[in-house]
Amino acid sequence: MQYTSSDLFAEAIARAHDAHNLERMAELLEVYGVELMSRGETLLVMNWVHALPRDIIFSRLRIFLFECWWYWYLGHTAVVLEMLNSYALQHGLPGPQGEDVTHLEQAICAHVEKQYPNPKWDVGQRANRIAEALALYGIVSTRRPNEAAFSLAACQRAVEYVAGLTFRSRILHHLGTVHILRNELTEAAALRALYELWGA
(Lines give C-alpha, C1' and ligand atoms only; values in the text may rest on other atoms or scores of the structure.)
Protein backbone atom coordinates (compact mmCIF):
# COMPACT_ATOMS: atom_id res chain seq x y z
CA MET A 1 0.00 0.00 0.00
CA GLN A 2 1.23 3.49 -0.87
CA TYR A 3 1.04 5.97 2.02
CA THR A 4 1.53 9.07 -0.09
CA SER A 5 -1.38 11.05 1.36
CA SER A 6 -0.82 12.68 4.74
CA ASP A 7 -3.94 11.07 6.21
CA LEU A 8 -2.98 7.53 5.18
CA PHE A 9 0.59 8.05 6.35
CA ALA A 10 -0.51 9.45 9.72
CA GLU A 11 -2.89 6.53 10.22
CA ALA A 12 -0.26 3.92 9.32
CA ILE A 13 2.47 5.38 11.49
CA ALA A 14 0.08 5.89 14.41
CA ARG A 15 -0.80 2.18 14.25
CA ALA A 16 2.90 1.30 14.29
CA HIS A 17 3.44 3.64 17.25
CA ASP A 18 0.52 2.16 19.20
CA ALA A 19 1.95 -1.31 18.57
CA HIS A 20 5.38 -0.10 19.78
CA ASN A 21 6.78 -1.11 16.38
CA LEU A 22 9.57 1.45 16.14
CA GLU A 23 11.24 -0.21 13.17
CA ARG A 24 8.01 0.00 11.18
CA MET A 25 7.73 3.69 12.08
CA ALA A 26 11.28 4.27 10.88
CA GLU A 27 10.62 2.36 7.66
CA LEU A 28 7.55 4.47 6.87
CA LEU A 29 9.47 7.69 7.53
CA GLU A 30 12.35 6.63 5.30
CA VAL A 31 10.14 5.63 2.40
CA TYR A 32 7.54 8.40 2.43
CA GLY A 33 9.05 11.25 4.46
CA VAL A 34 10.66 13.27 1.66
CA GLU A 35 7.61 13.11 -0.60
CA LEU A 36 5.33 14.28 2.20
CA MET A 37 7.70 17.10 3.17
CA SER A 38 7.84 18.21 -0.45
CA ARG A 39 4.07 18.73 -0.21
CA GLY A 40 4.30 20.86 2.90
CA GLU A 41 3.89 18.12 5.53
CA THR A 42 7.26 18.70 7.21
CA LEU A 43 5.78 19.15 10.68
CA LEU A 44 3.81 15.91 10.40
CA VAL A 45 6.94 13.98 9.42
CA MET A 46 9.21 15.59 11.99
CA ASN A 47 6.78 15.05 14.87
CA TRP A 48 7.10 11.31 14.23
CA VAL A 49 10.88 11.49 13.73
CA HIS A 50 11.15 13.11 17.17
CA ALA A 51 9.14 10.21 18.62
CA LEU A 52 11.89 7.75 17.68
CA PRO A 53 14.73 6.96 20.10
CA ARG A 54 18.21 8.21 19.26
CA ASP A 55 19.59 4.74 18.51
CA ILE A 56 17.08 4.20 15.70
CA ILE A 57 17.61 7.70 14.29
CA PHE A 58 21.35 7.07 14.26
CA SER A 59 20.93 3.68 12.58
CA ARG A 60 19.14 5.08 9.51
CA LEU A 61 20.91 7.77 7.50
CA ARG A 62 17.83 9.30 5.92
CA ILE A 63 16.06 9.81 9.25
CA PHE A 64 19.27 11.13 10.77
CA LEU A 65 19.50 13.68 7.96
CA PHE A 66 15.87 14.70 8.47
CA GLU A 67 16.65 15.57 12.08
CA CYS A 68 19.95 17.31 11.33
CA TRP A 69 18.42 19.59 8.70
CA TRP A 70 15.47 20.31 10.96
CA TYR A 71 17.77 21.52 13.76
CA TRP A 72 20.01 23.38 11.32
CA TYR A 73 17.20 25.53 9.97
CA LEU A 74 15.98 26.16 13.52
CA GLY A 75 19.43 27.65 14.16
CA HIS A 76 20.72 24.90 16.48
CA THR A 77 24.16 24.63 14.90
CA ALA A 78 25.84 23.15 17.97
CA VAL A 79 23.24 20.37 18.11
CA VAL A 80 23.87 19.48 14.47
CA LEU A 81 27.64 19.42 14.95
CA GLU A 82 27.30 17.13 17.97
CA MET A 83 24.98 14.83 16.03
CA LEU A 84 27.26 14.71 13.00
CA ASN A 85 30.34 14.05 15.12
CA SER A 86 28.56 11.19 16.90
CA TYR A 87 27.16 9.70 13.70
CA ALA A 88 30.53 9.85 11.95
CA LEU A 89 32.24 8.14 14.90
CA GLN A 90 29.56 5.43 15.09
CA HIS A 91 29.71 4.61 11.38
CA GLY A 92 33.38 5.19 10.62
CA LEU A 93 32.84 8.32 8.51
CA PRO A 94 35.05 11.42 8.36
CA GLY A 95 34.18 13.98 11.01
CA PRO A 96 32.87 17.46 10.16
CA GLN A 97 36.38 18.84 10.68
CA GLY A 98 37.72 16.96 7.62
CA GLU A 99 39.29 18.77 4.68
CA ASP A 100 39.36 16.19 1.86
CA VAL A 101 36.14 16.36 -0.16
CA THR A 102 37.03 13.37 -2.36
CA HIS A 103 37.67 11.17 0.67
CA LEU A 104 34.43 12.35 2.24
CA GLU A 105 32.47 11.60 -0.92
CA GLN A 106 33.95 8.09 -1.20
CA ALA A 107 33.19 7.34 2.44
CA ILE A 108 29.60 8.55 2.16
CA CYS A 109 29.05 6.54 -1.04
CA ALA A 110 30.31 3.36 0.64
CA HIS A 111 28.12 4.03 3.68
CA VAL A 112 25.01 4.58 1.55
CA GLU A 113 25.67 1.45 -0.49
CA LYS A 114 25.91 -0.53 2.74
CA GLN A 115 22.76 0.93 4.30
CA TYR A 116 20.64 1.00 1.14
CA PRO A 117 21.61 -1.93 -1.10
CA ASN A 118 20.02 -3.00 -4.37
CA PRO A 119 17.38 -4.04 -5.25
CA LYS A 120 15.32 -2.56 -2.41
CA TRP A 121 16.58 0.97 -3.02
CA ASP A 122 17.14 2.36 -6.51
CA VAL A 123 20.00 4.47 -7.84
CA GLY A 124 18.07 7.72 -7.50
CA GLN A 125 17.18 7.09 -3.87
CA ARG A 126 20.78 6.37 -2.99
CA ALA A 127 21.97 9.44 -4.92
CA ASN A 128 19.60 11.62 -2.90
CA ARG A 129 21.02 10.29 0.35
CA ILE A 130 24.61 10.86 -0.80
CA ALA A 131 23.73 14.39 -1.87
CA GLU A 132 21.94 15.26 1.39
CA ALA A 133 24.89 13.99 3.42
CA LEU A 134 27.45 15.89 1.32
CA ALA A 135 25.37 19.05 1.61
CA LEU A 136 25.15 18.67 5.38
CA TYR A 137 28.94 18.39 5.69
CA GLY A 138 29.25 21.36 3.38
CA ILE A 139 26.86 23.60 5.21
CA VAL A 140 28.24 22.94 8.70
CA SER A 141 31.68 23.82 7.33
CA THR A 142 30.53 27.37 6.65
CA ARG A 143 30.94 27.94 10.39
CA ARG A 144 34.61 26.95 10.30
CA PRO A 145 37.24 29.61 9.57
CA ASN A 146 38.93 29.36 6.15
CA GLU A 147 36.79 26.43 5.02
CA ALA A 148 34.75 28.23 2.36
CA ALA A 149 36.28 26.23 -0.51
CA PHE A 150 35.57 22.87 1.17
CA SER A 151 32.01 23.91 1.99
CA LEU A 152 31.23 24.98 -1.55
CA ALA A 153 32.92 21.94 -3.13
CA ALA A 154 30.91 19.54 -0.97
CA CYS A 155 27.63 21.24 -1.84
CA GLN A 156 28.45 21.42 -5.55
CA ARG A 157 29.15 17.69 -5.60
CA ALA A 158 25.80 17.18 -3.92
CA VAL A 159 24.07 19.09 -6.73
CA GLU A 160 25.81 16.92 -9.33
CA TYR A 161 24.35 13.80 -7.71
CA VAL A 162 20.76 14.96 -7.92
CA ALA A 163 20.68 16.66 -11.33
CA GLY A 164 17.62 15.24 -13.09
CA LEU A 165 16.24 13.52 -9.98
CA THR A 166 13.04 14.04 -8.04
CA PHE A 167 13.29 16.20 -4.88
CA ARG A 168 16.53 17.84 -6.07
CA SER A 169 15.18 21.23 -4.91
CA ARG A 170 16.23 20.39 -1.35
CA ILE A 171 19.90 20.22 -2.39
CA LEU A 172 19.68 23.47 -4.35
CA HIS A 173 18.15 25.10 -1.31
CA HIS A 174 21.02 23.92 0.89
CA LEU A 175 23.64 25.19 -1.58
CA GLY A 176 21.84 28.53 -1.81
CA THR A 177 22.08 28.81 1.96
CA VAL A 178 25.86 28.32 1.74
CA HIS A 179 26.14 31.20 -0.75
CA ILE A 180 24.01 33.47 1.43
CA LEU A 181 26.03 32.66 4.55
CA ARG A 182 29.17 33.61 2.61
CA ASN A 183 27.48 36.82 1.39
CA GLU A 184 27.74 35.64 -2.23
CA LEU A 185 24.47 37.13 -3.39
CA THR A 186 25.24 36.93 -7.12
CA GLU A 187 25.87 33.18 -6.83
CA ALA A 188 22.74 32.76 -4.72
CA ALA A 189 20.70 34.55 -7.41
CA ALA A 190 22.20 32.34 -10.14
CA LEU A 191 21.28 29.27 -8.13
CA ARG A 192 17.74 30.56 -7.80
CA ALA A 193 17.56 30.82 -11.59
CA LEU A 194 18.72 27.19 -11.86
CA TYR A 195 16.12 26.24 -9.25
CA GLU A 196 13.40 27.76 -11.46
CA LEU A 197 14.85 26.30 -14.66
CA TRP A 198 14.70 22.81 -13.17
CA GLY A 199 11.11 23.43 -12.20
CA ALA A 200 11.89 22.81 -8.54
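So, here is what we can say about the structure in this document.

About the thresholds
Residues numbered from 1 in each chain as written. Predicted model: local features only at pLDDT ≥ 70, side-chain atom pairs only at ≥ 80, totals over all residues. Heavy atoms only, no water. Axes fitted to C-alpha atoms, helices over the stretch in contact; angles between N-to-C directions. Helix = DSSP H or I, 4+ residues; strand = E, 2+ residues; numbered from the N terminus. Parallel < 35°, antiparallel > 145°, perpendicular 65-115°, else oblique. Left-handed = near helix turned anticlockwise from the far one by under 90°. Contact = heavy atoms within 4.5 Å. Nonpolar A, V, L, I, M, F, W, Y, C, P; charged D, E, K, R; others polar. Phe/Tyr/Trp six-rings, centres within 6.5 Å; stacked < 30°, edge-to-face > 60°. Buried < 20%, exposed > 50% of the residue type's maximum accessible area, 1.4 Å probe, protein only. Expected span 1.5 Å × (residues − 1). Bend = angle between axes of the 7 residues up to and from the residue. Salt bridge = Lys/Arg side-chain N within 4 Å of Asp/Glu carboxyl O. Polar contact = N/O pair within 3.5 Å; in protein donor to acceptor, adjacent residues only side chain to side chain.

### Here we look at the packing of helix H8 (residues 123-140) against helix H9 (residues 148-162)
Here H8 crosses H9 at 165°, and the two axes come no closer than 8 Å. Taken together, the axis directions place H8 and H9 in an arrangement best described as roughly antiparallel. Where H8 crosses over H9, the two elements pack in a sense that is left-handed. Residues Ala127, Asn128, Ile130, Ala131, Leu134, Ala135, Tyr137, Gly138 and Ile139 of H8 lie in contact with H9, whose contacting residues are Phe150, Ser151, Ala154, Cys155, Arg157, Ala158, Tyr161 and Val162. Within the contact of H8 with H9, the residues separate by chemical class into 13 nonpolar, 3 polar and 1 charged.

### Notes on the packing of aromatic side chains
As enumerated under the stated definition, the model contains 5 aromatic pairs in all. Measuring from ring centre to ring centre gives 4.2 Å for phenylalanine 64 and tyrosine 87, while their planes differ by 20°; the resulting arrangement is stacked. Remark: tyrosine 87 occurs in helix H6 (residues 77-91) and phenylalanine 64 occurs in helix H5 (residues 61-73); sequence separation between them is 23 residues. A single burial state applies to phenylalanine 64 and to tyrosine 87, both of which are buried. On the numbers, 5.3 Å between centres and 90° between planes, the contact of tyrosine 116 with tryptophan 121 is edge-to-face. For the pair shown, tyrosine 116 and tryptophan 121 are each scored as buried. Ring-pair connections join several aromatic residues into one group, and the members of that group are Phe58, Phe64 and Tyr87.

### Focus on helix H2 (residues 22-38)
One full turn of an α-helix is made of 3.6 residues, so residues set three or four places apart face in the same direction. Between its terminal C-alpha atoms H2 stretches 24 Å, which fits the 24 Å expected from 17 residues at 1.5 Å a residue. Of all the bends found along H2, the most pronounced is centred on tyrosine 32 and spans about 55°. For H2, the set of buried residues is Met25, Ala26, Leu28, Leu29, Glu30, Tyr32, Gly33, Val34, Leu36 and Met37. With its phi angle positive at about 90°, glycine 40 sits one or two positions after the end of H2.

### Things to note about the pattern of salt bridges
On inspection of all chains with the given rule, the structure shows 7 salt bridges. For glutamate 23, the salt bridge goes to arginine 60, with nearest N and O atoms at 2.7 Å. Placement of the pair is glutamate 23 in helix H2 and arginine 60 in the loop between helix H4 (54-57) and H5, with a sequence separation of 37 residues. The exposure class of arginine 60 is buried, given its relative accessible area of 17%. A salt bridge links arginine 126 to glutamate 113; the shortest N-O distance between them is 3.1 Å. Within this pair, whereas arginine 126 is found in helix H8, its partner glutamate 113 is found in helix H7 (residues 101-115), the two being separated by 13 residues in sequence. With a relative accessible area of 6%, arginine 126 lands in the buried category. In this structure glutamate 113 comes out as partly exposed when scored by relative accessible area, which is 41%. Here the salt bridges do not stand alone but share partners, grouping Glu23, Glu30 and Arg60 into one network.

### Describing H7
In this model H7 runs 21 Å from its N-terminal to its C-terminal C-alpha over 15 residues, within 8% of the 21 Å that 1.5 Å per residue would give. Three or more residues of H7 are buried, namely Val101, Leu104, Glu105, Ala107, Ile108, Cys109, His111 and Val112. The inward-facing, buried residues of H7 contact H5, H6, H8 and H9. Its side-chain oxygen placed 3.1 Å from the backbone nitrogen of threonine 102, aspartate 100 serves as the N-cap of H7.

### Here we look at the packing of H7 against H8
H8 packs onto H7 with a crossing angle of 140° between their chain directions and a minimal axis gap of 10 Å. Compared by their axis directions, H7 and H8 come out oblique. As for the relative orientation of H7 and H8, their crossing is right-handed in sense. Within the contact between the two elements, H7 uses Leu104, Glu105, Ile108, Cys109, Val112 and Glu113 and H8 uses Arg126, Arg129, Ile130, Ala133, Leu134 and Tyr137. For the contact of H7 with H8, the residue count by class is 8 nonpolar, no polar and 4 charged.

Geometric values such as these leave the question of function open.
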